[in-house]
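# Summary of structural features
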Amino acid sequence: MSANDVLKGPVLETRGLTKEFRGFTAVDDVNLQVQEGHIHALIGPNGAGKTTVFNLLTKFLPPTRGEILYRGQPITSKKSNQIAQLGLVRSFQISAVFAHMTALENVRVALQRKLGTSFHFWKSEKSLDHLNERALELLDEVGLREYADTLTVEMPYGRKRALELATTLALDPTMMLLDEPTQGMGAEDVDRIVALIKRVSQGRTVLMVEHNLSVVSRLCDRITVLARGSVLAEGDYEAVSRNPLVREAYMGSDAAQEDGTEKEGAAV
Ligand SMILES: Nc1ncnc2c1ncn2[C@@H]1O[C@H](COP(=O)(O)OP(=O)(O)OP(=O)(O)O)[C@@H](O)[C@H]1O
Ligand SMILES: [Mg+2]
């Protein structure tokens, strides 16, 4: 971390973030700091609280206690759409992509959502062209130009996940939250998505939940390990994977093997 990072402070920060479900503490006093320009991973065993943290950050759930700050500004009581307007955007799951629209139409819908319903200028012929142009650009960016006119339902799974990324980019995020972007993918698709995330993270900050430790090691600048709702460890991949506490937390799973190496594609 450079002196500059310290001066600027984290892009996203949580202070004492806590979520209780009927007396069960799913997220326990989490202090998270994500630095500008970083790809930051949130990892941990099943049930550690990763998804709940994401849901708190994106306002799908209200916290029991604690604060969330984005660029130094408290966003704890803001709504999902308000934080999206600030540039903090969660990648939508495939379920949010319309199966019976083409790839191009899906990106256009996302672009229109960004413009908001109060603007009607895209209804004119000229702005429609402009919208198409931008949608094609975004498809290009994720390597889907050739799928522009393909119905989403007919696209291979890995390509649908790439489309999801294009619809996220359409909202012009400065920070993206990616929820298991390689989940359920074969090795070839994983490699493609890794390259893609590397590319679209240029000039942006990314926080991702990811089970595949090979992906984490290839992509991430910093890693926060959650276990039973609390931060267990934090650091770069090397430091975290050497940490005995982390290895202990993963005991019984395939991820941390005796020799300390991870299986390709291991599920944590
Ligand atoms: N709505 C809810 N009501 C009650 N308990 C919940 C709720 N959501 C999550 N939990 C509990 O909180 C804990 C953390 O769940 P969470 O889904 O955040 O874990 P995770 O780290 O995302 O796990 P995984 O790796 O399996 O996706 C779990 O014990 C879960 O059962
Ligand atoms: Mg989860």
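Above this note sits the structure.
Residues numbered from 1 in each chain as written. Chains lettered and ligands numbered in written order. Predicted model: local features only at pLDDT ≥ 70, side-chain atom pairs only at ≥ 80, totals over all residues. Heavy atoms only, no water.

With that settled, the discussion passes to the site of ligand 1. Around ligand 1, a shell composed of Phe21, Phe24, Ala26, Pro45, Asn46, Gly47, Ala48, Gly49, Lys50, Thr51, Thr52 and His211 is seen. Take lysine 50: an N or O atom from its side chain is 2.7 Å from an oxygen atom of ligand 1. Compared with its free state, where it exposes 640 Å², ligand 1 has 62% of that area covered by protein. If you list the elements that add at least two residues to the shell around ligand 1, you get strand E2 (24-34) and helix H2 (50-57). Considering only residue class, the shell around ligand 1 consists of five nonpolar, six polar and one charged. (Near = heavy atom within 4 Å. Polar contact = N/O pair within 3.5 Å; in protein donor to acceptor, adjacent residues only side chain to side chain. Areas by Shrake-Rupley, 256 points an atom, 1.4 Å probe, with all protein chains shown as cover. Helix = DSSP H or I, 4+ residues; strand = E, 2+ residues; numbered from the N terminus. Nonpolar A, V, L, I, M, F, W, Y, C, P; charged D, E, K, R; others polar.)

Our focus in this paragraph is the sheet that holds strand E6 (residues 88-90). Strand order in the open sheet formed by six strands is E6-E7-E8-E3-E9-E10, with mixed pairing between adjacent strands. Two strands bound the open sheet, and with one partner strand each, they are E6 and strand E10 (230-235). For this sheet, the mean angle separating the axes of adjacent strands, direction not counted, is 20°. Alignment of strand E7 (residues 175-179) against strand E8 (residues 205-209), held across five bridges, turns out to be parallel. (Pairing = 2+ DSSP bridges. Axes fitted to C-alpha atoms, helices over the stretch in contact; angles between N-to-C directions.)

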